[in-house]
Amino acid sequence: MQVSTEYLGLTLRNPLIAASCSLSKDLDGIKKLADSGVGAIVLKSLFEEQMDMETRDIEQYIGPAWHTEARDYVRNMGMQLGPRQYVDLVKKAKSAVSIPVIASLNCISENWWYEYAHKLEVAGADALELNIGFLPGSPGQSGREVEETYFRIVENVKATCAIPFAVKLGFHFSALPWFAWQLADKGAGALVLFNRFYQADIDIDAMKLRAGNRLSGPEESHLPLRWISLLYGKIGAGLSASTGAHSAAEVIKLLLAGACTVQLCSTLYKNSLTRVQEIIDGLQAWMSEHSFSSISDFRGLLSHEKMDDPGLWERLQYIKALVGIE
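Reading guide: rules and limits
Residues numbered from 1 in each chain as written. Predicted model: local features only at pLDDT ≥ 70, side-chain atom pairs only at ≥ 80, totals over all residues. Heavy atoms only, no water. Axes fitted to C-alpha atoms, helices over the stretch in contact; angles between N-to-C directions. Helix = DSSP H or I, 4+ residues; strand = E, 2+ residues; numbered from the N terminus. Parallel < 35°, antiparallel > 145°, perpendicular 65-115°, else oblique. Contact = heavy atoms within 4.5 Å. Nonpolar A, V, L, I, M, F, W, Y, C, P; charged D, E, K, R; others polar. Phe/Tyr/Trp six-rings, centres within 6.5 Å; stacked < 30°, edge-to-face > 60°. Buried < 20%, exposed > 50% of the residue type's maximum accessible area, 1.4 Å probe, protein only.

A. Spatial organisation of the packing of helix α7 (residues 222–231) against helix α8 (residues 248–257). The N-to-C vectors of α7 and α8 enclose an angle of 20 degrees; their axes lie 8 Å apart at closest approach. Comparing their axes, α8 and α7 come out roughly parallel. Only Lys253, Leu254 and Ala257 of α8 make contact with α7, whose side of the interface consists of Pro224, Leu225, Ile228 and Ser229. In terms of residue class, the contact of α7 with α8 is made up of five nonpolar, one polar and one charged.

B. Region of interest: the environment of Ala159. Structurally, the position occupied by Ala159 is in helix α5 (residues 143–160). For the pair Ala159 and Gly187, spaced 28 residues apart in sequence, the C-alpha separation works out to 8.9 Å.

C. The arrangement of the side chain of Glu147 in detail. Checked against the element boundaries, Glu147 lands in helix α5. When near neighbours in sequence (up to four residues on either side) are disregarded, Glu147 contacts Phe173, Ser174, Trp178 and Phe179.

D. Region of the structure containing the packing of aromatic side chains. Overall, the coordinates contain nine aromatic pairs when judged by the stated rule. Relative to Phe194, the ring of Phe171 has its centre 5.8 Å away and its plane inclined at 75 degrees; by these criteria the two rings are edge-to-face. You can see Phe171 sitting in the loop between β8 (165–169) and α6 (176–185) and its partner Phe194 sitting in the loop between β9 (190–193) and β10 (200–203), a full 23 residues away along the chain. A relative accessible area of 37% places Phe171 in the partly exposed class. What makes Phe194 buried here is its relative accessible area of 3%. On the numbers, 4.2 Å between centres and 25 degrees between planes, the contact of Phe173 with Phe179 is stacked. An identical accessibility class is assigned to Phe173 and Phe179; each is buried. Taken together through their ring pairs, the aromatic side chains of Tyr150, Phe151, Phe173, Trp178 and Phe179 make up a single cluster.

Everything listed here is a matter of geometry and, on its own, says nothing about what the molecule does.
Written as structure tokens, this is what we have:
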């Protein structure tokens, strides 16, 4: 069965992408992921916050006697050191593996997005994934202000870089289809749905904040499944599914809904890298059973756009809740 696919203008040998995580943080991990059979790799994100924290650790040893310009110089040097190491990783990865390497950025200051994106393009990254995530914790910040921040980042990265890029989103937007359409119109080549943000929990015995469940479960695939179906064919960008894909079944469902690619993360931690080939084998077996010779034969077949009764995607949960239909 032909399982190759197109994503961000790149030809992938299959629709499985190793998502940005610790498995892709170094060259050894990147090689192992490529050997496992994935179609592309998203490198672990370059986090501005991490670089900022490390730079502040350096600054505390400088002392108040240093001149302001010297402190600024040291701070800027620290903010550049992390990207240099990341750029070096991109270069080594491109030399070591034959599949597309996608660099990932997560910044909190708008100006760093453009500078870092350009550096990663020069380093040879095949594409970028903008891992944008702002927590609008102030009641004074409107949803429109948050959206405009995304738009400025996308427009400026588009103006800065020639390579394609995807935007990785959370789902907390009041009008997601309009927002997605705007991002595509402003230059995003694909949207990754959805970002699984840090899960917070509370230890009731110690009465302290602690990390929640780090890994997803298959049931979490239903959220990207619905929104990919609703967006397929309606915006000028590809759709990559993220969160909840643990087996061939979830991957097939997401492709039927309209996904170009499916990103794997938690299942690789839970089941090891051998899971990749298991999913590919399961996908090919299902395609053979249903007489599909390529992914394009069935991608989006059950999307909102192509279904005879697209309203099912919008009201299915309400039908069950109201009249008990299973």
